[in-house]
Amino acid sequence: MKKISVAAKSATLLILVILSSFFAKAALKPGMLIAGQFDNNTKTIFVAAVTSVNGKQFTCRFVQSNVEYVFTSNEEGEGTVVSSKGGKYAKGTKFLFVEYQISDDTYGCLISRKENTEVIARFPDNKSYLGTIYSFNEEGGFTVMFTHSLSVYDFDKNGVVVSQKGGAYPKGTPAKIFCAELVGPVPVGMTLPKP
């Protein structure tokens, strides 16, 4: 095995420090969505809407269960449960997460018909969900699979539900569909949802 010199190790460390400063986590804000994994359940991706932020502590509502959790967070994308209202994960449980926000190119992925891109769908009850556009049809409609439930929705070009499998919003429900943007780096040890 070839040994790496001290100078090479130092240069590599310096590059990592510089890169991490460029890719620092964005400050959480109400309205952002987070996707993550609890340290004792890495097979399930949980999605939550951030409802409030107070310094390094934030509150979010998990879209799978409507359970509210309060976490403390660090810059590496690791949260620690402070409390919950009805949640099954105890105080002190770790949660690795990434943040998503509505992209500056708000509708660009829809206009350009870009498949395999993340979107945020906001329904009339003001609940938002993270999903991935899988395909477009000739009329401009598109199919989205939602990360939290793997439910599949077909929307027309105006964002109205045409059909759904596994979801709660029936045919005819309008939604606002926005292009989503991953904010900051993915924490070490976390697996992102695959489009």
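Given the structure is predicted, the values throughout are model-derived calculations rather than measurements.

A. Quick look at the pairing of strand β6 (residues 94–102). Pairing analysis gives six bridges linking strand β1 (residues 33–38) to β6, with the strands arranged antiparallel. Bridge pairing links Phe38 to Phe95 in β6. Of the pairings in the sheet, the one linking strand β5 (residues 78–85) to β6 comprises three bridges and is antiparallel in character. Bridge pairing in β6 links Gly79 to Phe95. As defined by bridge partners, β6 adjoins strand β12 (residues 176–183) across four bridges and the pair is classed as antiparallel. Paired with Glu99 across the two strands is Val183, which belongs to β12.

B. Here's a closer look at unusual backbone geometry. Of note in this structure, Asn116 is not a glycine but carries a positive phi near 55°. Within the secondary structure, Asn116 sits in the loop between α2 (108–111) and β7 (117–122). In this structure, Leu150 takes a positive phi of about 60° despite not being glycine. Position of Leu150 among the secondary structure elements: in the loop between β9 (142–146) and β10 (152–155). Residue classification places Leu150 among the exposed positions, given a relative accessible area of 58%.

C. Here's a closer look at the side chain of Thr173. Note that Thr173 resides in the loop between β11 (161–165) and β12. Reaching out from Thr173, the side chain makes a polar contact with the backbone oxygen of Pro170 at a distance of 2.7 Å. Each residue touching Thr173, except ones within four places of it in the same chain, is listed here: Phe123, Pro124, Gly159, Val160 and Val161.

D. Just the pattern of salt bridges, in detail. Going through the model one piece at a time under the given rule, you end up with one salt bridge. Lys85 is the salt-bridge partner of Glu68, the closest N and O atoms lying 3.5 Å from each other. Of the two residues, Glu68 is situated in strand β4 (residues 68–73) and Lys85 in strand β5; the sequence distance between them amounts to 17 residues. By relative accessible area, which is 28% here, Glu68 ends up partly exposed. Looking at Lys85, the relative accessible area reads 63%, which means it is exposed.

Criteria and thresholds
- Along each chain, residue indices are assigned from 1 in the same order as the chain's sequence is written.
- This being a predicted model, a pLDDT of at least 70 is required before a residue's local features are given, and a value of 80 or more before pairs of side-chain atoms are given or counted; all residues contribute to the totals for chains, interfaces and linings.
- Processing note: side-chain calculations cover all non-hydrogen atoms of the structure and skip hydrogens and water entirely.
- Criterion used throughout: strands pair if DSSP finds at least two bridges between them.
- Counting from the N terminus, the helices are the DSSP runs of H or I reaching at least four residues and the strands are the DSSP runs of E reaching at least two.
- Only protein chains enter the accessibility calculation, which uses a 1.4 Å probe; a residue whose area is less than 20% of its type maximum is buried, one above 50% is exposed, and one in between is partly exposed.
- Counted as a polar contact is a pair of N or O atoms within 3.5 Å, where, for protein atoms, one must be capable of donating a hydrogen and the other of accepting one, and residues adjacent in sequence contribute only when both atoms are in side chains.
- Pairs of residues are marked as contacts when any of their non-hydrogen atoms sit within 4.5 Å.
- Each salt bridge in this description consists of a side-chain nitrogen of Lys or Arg and a carboxyl oxygen of Asp or Glu lying within 4 Å of one another.

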